[in-house]
Amino acid sequence: MLEGVLSFKMDDTKAFFGFRVKGKDCTTYRHSNAGFNGLGMRMLEYVSQTPVSLMRLVAVRTELVDSLDMAPREIVEHYEKIKKKLAIQLIGNNHSWGNVVNSLSGGLYSNDLFVFNEHLMQMLDSKKLPRVSWDNAYIVDVDKERLEFYQKFVAPYNFGRYSKIVEELDSASSKHNGVILVREFSFDEVKAAKDDFGGLIARVNESSAQLSQADSFNRKYFEWLSEAPG
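Rules behind the numbers
Residues numbered from 1 in each chain as written. Predicted model: local features only at pLDDT ≥ 70, side-chain atom pairs only at ≥ 80, totals over all residues. Heavy atoms only, no water. Phe/Tyr/Trp six-rings, centres within 6.5 Å; stacked < 30°, edge-to-face > 60°. Helix = DSSP H or I, 4+ residues; strand = E, 2+ residues; numbered from the N terminus. Buried < 20%, exposed > 50% of the residue type's maximum accessible area, 1.4 Å probe, protein only. Salt bridge = Lys/Arg side-chain N within 4 Å of Asp/Glu carboxyl O. Core = buried A, V, L, I, M, F, W, Y, C linked by side-chain atoms within 4.5 Å. Contact = heavy atoms within 4.5 Å. Arc of directions from axis to C-beta. Pairing = 2+ DSSP bridges. Axes fitted to C-alpha atoms, helices over the stretch in contact; angles between N-to-C directions.

Next up on the list: the packing of aromatic side chains. Enumeration over the complete set of coordinates arrives at 9 aromatic pairs. Ring geometry for phenylalanine 36 versus tyrosine 138: centroids 6.4 Å apart, planes at 80°, classification edge-to-face. Residue phenylalanine 36 is found in helix α1 (residues 36–49), and its partner tyrosine 138 is found in strand β5 (residues 136–141); the two are separated by 102 residues along the sequence. You'll find phenylalanine 36 and tyrosine 138 in the same group, each marked buried. The class of tyrosine 138 is buried, set by a relative accessible area of 0%. One aromatic cluster in this structure is built from Phe16, Tyr29, Trp134, Tyr150 and Tyr162.

This is the structure:
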């Protein structure tokens, strides 16, 4: 169930998010509060406040890393210097990428988007979590200068490039076809909204509701097929 536009209650929705640049994805993930009114709102804020040239720079230079791999010592030292300068607690003794990147969230960013901060040049790779069933996705397409909103549905839609991403999941959790494109906005539309993004989120929710109606109908149809004799 979608939250109201003004609700910021924490939820357990999961999403991958990030950039698309030069025809390729550079995406990380979030395991909570990743609905339209949570992470979706943060994405609108990021696009509204960030020059396209900086988005493109960050998207091109960012290295995707596996959370379990160890970060090189020189990288750890580099981030420790930044954190010391900003008077933030240092990284500690666990230098796995997961710990290093997550520990940087305490001051190098605002609005949950530390992965897009100018100080950070690595982010955890969403594709390293093949058994996660995503609820949403948010893509900053710097090639087309558009922000895309995606959502999970059960029906076999084929809207957008991520509609088939979970086919490799275990059979018990592979009854949907990934996340489908619900709505997209040009960067100009987002920037024109300034800090009032309620209208944009309402349009996303409207598109989602229309798809949900069709999804409910298709789900009942699939159940009828499975129960039909012969």
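Under the criterion given, the structure shown has 9 salt bridges. One salt bridge connects aspartate 25 with arginine 20, and the closest N-O pair in it is separated by 2.8 Å. Close ionic contact of aspartate 135 with lysine 152 constitutes a salt bridge, the shortest N to O distance being 3.3 Å. Highlighted residues: aspartate 135 in the loop between β4 (122–124) and β5 and lysine 152 in strand β6 (residues 146–152), separated in sequence by 17 residues. Look at lysine 152 and you get partly exposed, because its relative accessible area is 30%. Linked through salt bridges whose partners overlap, the residues forming this network are Arg73, Glu77 and Glu80.

Counting residues in each nonpolar core, the largest one holds 35 residues, and the members touching the most others are Phe19, Leu44, Val47, Met55, Tyr138, Val140 and Phe149. Where this core is concerned, the elements lending two or more residues are β1 (15–21), α1, α2 (52–61), β5, β6, β7 (179–186), α5 (187–192) and α6 (198–227). Residue contacts for phenylalanine 149: discarding those within four places in its chain leaves Phe36, Gly40, Leu44, Ala137, Tyr138, Ile180, Leu181, Val182, Arg183, Phe185, Ile201 and Val204. Formed by 21 residues, the second largest nonpolar core is a distinct cluster that contains Val100, Leu120, Ala137 and Ile139.

When we look at burial in α2, the residues that qualify are Val52, Met55, Val58 and Ala59. Along α2, the residues classed as buried sweep out an arc of 130° about the axis, all on the same side. Of the surrounding secondary structure, the elements contacted by the buried residues of α2 are β1, β2 (24–30), α1, β5 and α5.

In this section: the sheet that holds β1. The mixed open sheet is built from 5 strands, whose spatial order is β2-β1-β5-β6-β7. The strands lining the two open edges of the sheet, one partner per strand, are β2 and β7. Strand after strand, the sheet turns through a mean of 20° between neighbouring axes, direction not considered. Sheet strands touched by α1: β1, β2, β5 and β6. Its angle to β6, the strand with the most contacts, is close to 170°. Docked against the sheet, α2 engages β1, β2 and β5, running at close to 105° with respect to β1.

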